[in-house]
Amino acid sequence: MKKYIALSFALLACISTTFAQDAKEIITKMLDQQRGKSSYVNMTMKVVRPTWTRSMEMKSWSKDTDKYFLILITSPAKDKGSASLKRQKEMWSWTPSIERTIKISPSMMSQSWMGSDFTNDDLMKGSSVVNDYSQKLLSKETVNGVECYKIELIPHEDAAVVWGKVVTWVSTDGHYNQMKVENYDEDMYLVNTMNNSELKEIGGRYMPTRMEMIPADEDGKKTIMIYHDAKFNQKISESFFTQQNMKKVR
């Protein structure tokens, strides 16, 4: 009987470990689907409020998943040329109208990016969901007609991250598309939800082209991101991601 119990516990531990490994593999493949080894995206961001809507046209470049990232605003005129840069663990923003570069500190990562419902961390990918979090496969659920893995991410104790917990839904169809995300604070209260939709062929990949970030308990508020064009796995140098280039890239 003791041998049977010991064998049962060993089997359960093995299953639990396998699920953890599967969850991490799914998240890794999800990140590769989103960015590849490098990416370029042309997009529109719409900040929606109960009495007004504001739109911005943007371009973004990335390299090595979350190590190098650059966002450039191309319109409207008052914001044109504003940029945000990430190199490894360091981040900066550039505002051409006042010719000022600001270093983004860890305490600023939870702040709104350009008045939107996305945080600096959301847009600049300041935290790595692979290295800074533990991953747990919870179940399978259908989101917007797409069967998904439901995965819970809990930050490691020493990780400098914004969220106390993240729950994400990743498609099971082999594309590993992120279809939904829920972000929770340290007290496990839901802060916002991102819903991804309008799956299309873009940049040679079948992926969501519309993302809606909706803050919890704030009726009438959301931010919509729409992808128009994308390129993946193009050659791009680390030297592209510099403060000097952030000020002059077009």
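Use the structure listed above.
Only a predicted model underlies this, so the values are computations on that prediction, with no experimental measurement involved.

### Description of the overall build of the protein
Within the protein, the regular secondary structure consists of 3 helices and 13 strands. When each of the 250 residues of the protein is scored for burial, the buried share is 46%. Considering only residue pairs separated by 6 or more positions, the protein has 46% of its internal contacts joining residues 24 or more positions apart. Looking at the protein as shown, the accessible area adds up to about 13400 Å², and 51% of this sits on carbon and sulfur atoms. Taking the average location of the 35 positive side-chain charges in the protein and that of its 31 negative ones, the two points are 6 Å from each other.

### Brief notes about the nonpolar core
Core analysis: the largest hydrophobic core is formed by 41 residues, its most contacted members being Ile-27, Met-45, Met-58, Trp-113, Ile-151 and Met-225. In terms of residue count, the dominant contributor to this core is helix 1 (residues 2-35) (5 residues). Contact partners of Ile-151, with chain neighbours within four places excluded, come to Ala-23, Ile-26, Ile-27, Gln-135, Lys-136, Leu-137, Val-166, Val-167 and Thr-168. Listed in part, the 13 residues of the second largest apolar core include Tyr-40, Ala-83, Trp-92 and Phe-241.

### Let's talk about the pattern of salt bridges
Under the defined criterion, the tally for this structure stands at 10 salt bridges. For Asp-117, the salt bridge goes to Arg-49, with nearest N and O atoms at 3.0 Å. Of this pair, Asp-117 sits in the loop between strand 6 (100-103) and helix 2 (120-124) while Arg-49 sits in strand 1 (residues 38-49), and the two are 68 residues apart along the sequence. According to the relative accessible area criterion, Arg-49 is buried, its value standing at 14%. Ionic pairing is found between Arg-54 and Asp-79, a salt bridge with its closest N-O pair at 3.9 Å. Remark: Asp-79 occurs in the loop between strand 3 (68-75) and strand 4 (83-87) and Arg-54 occurs in strand 2 (residues 52-63); sequence separation between them is 25 residues. Owing to a relative accessible area of 10%, Asp-79 belongs among the buried residues under this scheme. Linked through salt bridges whose partners overlap, the residues forming this network are Arg-54, Lys-78 and Asp-79.

### Regarding the side chain of Asn-192
With respect to the helices, strands and loops of the structure, Asn-192 is situated in strand 11 (residues 190-202). Here Asn-192 falls in the buried class, since its relative accessible area comes to 4%. A polar side-chain atom of Asn-192 sits 2.8 Å from a polar atom in the side chain of Asn-183. Beyond its immediate chain neighbours, meaning those up to four positions away, Asn-192 contacts Asp-117, Trp-163, Val-181, Glu-182, Asn-183, Met-213, Ile-214, Pro-215 and Ala-216.

### Examining the pairing of strand 2
Where strand 1 lies against strand 2, 12 bridges are found, and the strand directions are antiparallel. By the bridge assignment, Arg-49 is partnered in strand 2 with Trp-52. Between strand 1 and strand 2, which pair antiparallel one after the other, the connecting turn spans 2 residues. Note that strand 2 and strand 3 share 7 bridges and pair antiparallel. Looking at the pairing, Glu-57 lines up with Ser-75 of strand 3. Linking strand 2 to strand 3, which pair antiparallel, is a turn of 4 residues; within it Asp-64 sits at a positive phi near 55°.

### Concerning the pairing of strand 1
With 10 of 12 residues buried, strand 1 is to be regarded as a mostly interior element. Two strands pair when backbone bridges link them, and strand 1 and strand 13 (residues 222-232) are joined in this way by 10 bridges, in the antiparallel orientation. Bridge pairing links Val-41 to Ala-230 in strand 13.

### Things to note about the layout of surface pockets
As a volume, the second largest pocket reaches approximately 270 Å³. Every residue lining the second largest pocket is counted, 16 residues in all, and those nearest its centre are Ser-84, Ser-93, Thr-95, Trp-113 and Met-114. Contributing elements (two or more residues each) for the lining of the second largest pocket: strand 4 and strand 5 (90-95). If one sorts the elements of the lining of the second largest pocket by residue count, strand 5 sits on top with 3 residues. Along the lines of polarity and charge, the residues of the lining of the second largest pocket split into 7 nonpolar, 7 polar and 2 charged.

Reading the values: rules and limits
- Residues numbered from 1 in each chain as written.
- Predicted model: local features only at pLDDT ≥ 70, side-chain atom pairs only at ≥ 80, totals over all residues.
- Heavy atoms only, no water.
- Helix = DSSP H or I, 4+ residues; strand = E, 2+ residues; numbered from the N terminus.
- Buried < 20%, exposed > 50% of the residue type's maximum accessible area, 1.4 Å probe, protein only.
- Contact = heavy atoms within 4.5 Å.
- Areas by Shrake-Rupley, 256 points an atom, 1.4 Å probe, with all protein chains shown as cover.
- Lys, Arg positive; Asp, Glu negative; His and termini not counted.
- Charge placed at Lys NZ, Arg CZ, Asp CG, Glu CD.
- Core = buried A, V, L, I, M, F, W, Y, C linked by side-chain atoms within 4.5 Å.
- Salt bridge = Lys/Arg side-chain N within 4 Å of Asp/Glu carboxyl O.
- Polar contact = N/O pair within 3.5 Å; in protein donor to acceptor, adjacent residues only side chain to side chain.
- Pairing = 2+ DSSP bridges.
- 1 Å grid on protein atoms, 1.4 Å probe; cavity = no way out; pocket = protein on both sides within 12 Å on 5 of 7 lines; lining within 4 Å.
- Points joined across faces, edges and corners; volume = space filled by probe spheres on them.
- Nonpolar A, V, L, I, M, F, W, Y, C, P; charged D, E, K, R; others polar.

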